[in-house]
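Notes for the structure review
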Amino acid sequence: MSHVKLYIPGPVEVSPATFAAMSQPMIGHRGKGFSDLYADIQPKLQSLFGTTQLVFLSTSSAFGVMEGAIRNLVAKKVLNCCNGAFSDKWHDVSLRCGKQAEALKVEWGQPITADLIDARLASGDFDALTLIHNETSTGVLSPLEEIGALKKKYPDVMFIVDSVSGFTTVPVNFDELGIDVLLTGSQKAFALPPGLALFTASPAAYARAETIKDRGYYFDFLEFRANGEKSMTPSTPCISLIYGLQHQVNAIFAEGVENRFARHARLNGMVHDWVRRHGFEFFAPEGYRSKSLTCVTNNKGIDVAAMIGLLKKNHSLIIDGGYGKLKGKTFRISNMGDETDETIGTVIAALDDSLAKL
Ligand SMILES: *Cc1c(COP(=O)(O)O)cnc(C)c1O
């Protein structure tokens, strides 16, 4: 099917094979067909999450679970680590849920470090922390292992981590990290359409949720656990997307998880080479750059909107022209999901051509 191919960092391109897998006949969500489907995916998801805990399927975008985690786990005050659009928004979500919340702000483009978090948690004011592993708006990957190691020092603080655009591009092992919630979404590296979020939670998270009265229903972690134990979901799930997930998870294991990480690193490196070759700069500092997308600083002052127009018109593909206040000042190229050396080669050739025509 001819269409404009997506190299934006979400939603990403969805393959015809994935769409075909999603087109299976509908089944009842309280019947054996659905519980068999979920039970088939569960151990594979547990392996991907690096956990023995249940992995849940939430029929919502990632923000549903981001809000749910706040409602389930914050009793006293949450520290929202903010270094980009998604993490800033999470602070806003905390406030809108009526919670006490403080923003730990660093400049967009910079990582959140363990030292920064340690210094604020030391106040004893907080019982929860939110962190975005891979800030998609800025292409910054924060050091999750170092941050997770703080959990030992602050066992009563719930560590809530969004790896929406990092998950399955770099290793994230929930049990090893010792964190309390890890959540992700379907339309980033899973290369599925939007509408499904996935998450897992620690025993300490359930214990906290049990003490909280206004968890709501739709994102109640205890409802997810009670239903998940029976390979069910609290409400009618997006069954078609879950068929797509089954297909994609099988594809991930057919490729091999390590090979998948290596592929993302290699394709990301191809984009980085293009950036250097043209004298552009990276928005994220060395050592903290995402493996799933590249956020390029427009230090050459090109007309980003015009370049994207050329990419679309002449090559039937698009990249992103910068998120929010970074529009025109940066642009982003995604390499996550099902991309290959060939498809990243295509976008690079298209970028070369379009840049020459500006
Ligand atoms: C895309 C994204 C989200 C939000 O996902 P929705 O599906 O729009 O709710 C949250 N966090 C990060 C890091 C993202 O990249």
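Here the structure is a predicted model, which means the values were calculated and not measured. (Residues numbered from 1 in each chain as written. Predicted model: local features only at pLDDT ≥ 70, side-chain atom pairs only at ≥ 80, totals over all residues. Heavy atoms only, no water.)

**Quick look at the side chain of N134**
We apply this condition: Numbering of helices and strands runs from the N terminus; a helix is a DSSP stretch of H or I covering at least four residues, while a strand is a stretch of E covering at least two. Only protein chains enter the accessibility calculation, which uses a 1.4 Å probe. A residue is then buried if its area is under 20% of the maximum for its type, exposed if over 50%, and partly exposed in between. Side-chain atoms alone can form a polar contact between residues adjacent in sequence; in general such a contact is a pair of N or O atoms within 3.5 Å, and within protein one must be able to donate a hydrogen while the other accepts it. The contact criterion used is simple: two residues touch if any of their non-hydrogen atoms lie within 4.5 Å.
By secondary structure assignment, the location of N134 is in strand β6 (residues 134-135). Of the residues examined, N134 reaches a relative accessible area of 1% and is grouped as buried. Here S290 takes part through its side chain, which lies 2.9 Å from a polar atom of the side chain of N134. In this view, N134 contacts V140, L141, D162, S165, G166, S290, S292 and L293; residues no more than four positions away in its chain are not counted.

**Considerations on empty space enclosed by the protein**
Applied cut-off: We place a 1 Å grid over just the protein atoms. Points where a 1.4 Å probe fits but has no way out form a cavity, open points with protein on both sides within 12 Å along at least 5 of 7 lines form a pocket, and any residue with an atom within 4 Å of a point lines it. Grid points are joined across faces, edges and corners, and a volume is the space filled by probe spheres set on the points. Here the nonpolar group is Ala, Val, Leu, Ile, Met, Phe, Trp, Tyr, Cys and Pro; Asp, Glu, Lys and Arg are the charged ones; every other residue, Gly included, is treated as polar.
For the structure shown, the criterion picks out 2 cavities of 30 Å³ or more. In this structure, the largest cavity encloses a volume near 70 Å³. Lining the largest cavity are L57, S58, T59, Y218, F224, T233, P234, S235, T236 and P237. Classifying every residue of the lining of the largest cavity gives 5 nonpolar, 5 polar and no charged. In this structure, the second largest cavity encloses a volume near 30 Å³. What lines the second largest cavity is T138, G139, H272, F282, F283, A284, R289, S290, L293, T294 and C295. Per-element tally for the lining of the second largest cavity: the top contributor is strand β12 (residues 293-297), with 3 residues.

**Remarks on the domain arrangement of the protein**
Note the following rule: Delimitation of the domains relies on an automatic or database domain assignment. Buried area, as used here, totals the accessible surface that two parts lose on assembly, with accessibility defined by a 1.4 Å probe and the loss added over both. Criterion for a salt bridge: a side-chain nitrogen of Lys or Arg within 4 Å of a carboxyl oxygen of Asp or Glu.
What the domain assignment lists for the protein is domain 1 (5-12 + 256-357) and domain 2 (16-253). Across the interface of domain 1 and domain 2, roughly 2,300 Å² is buried in total on both sides, 64% from carbon and sulfur atoms. For the pair domain 1 and domain 2, the interface holds 0 salt bridges. Taken together, the elements giving at least two residues each to the side of domain 1 that touches domain 2 come down to α11 (257-277) and β12. Considering each element in turn, the side of domain 1 that touches domain 2 owes the most residues, 4 residues, to α11. Of the residues contributing to the side of domain 1 that touches domain 2, the split by class is 14 nonpolar, 6 polar and 6 charged.

**Notes on the pairing of strand β4 (residues 101-105)**
The condition is simple: A pair of strands counts as paired when DSSP detects no fewer than two bridges linking them. When the strands point away from the viewer and the connection leading from the first strand across the helix to the second strand turns clockwise, the crossover is called right-handed.
Judged from the 5 bridges that link them, strand β3 (residues 78-82) and β4 form a sheet pairing that is parallel. Residue pairing for β4: L79 is matched across the bridge by E102. As a crossover connection, the stretch from β3 through helix α4 (residues 85-96) into β4 is right-handed.

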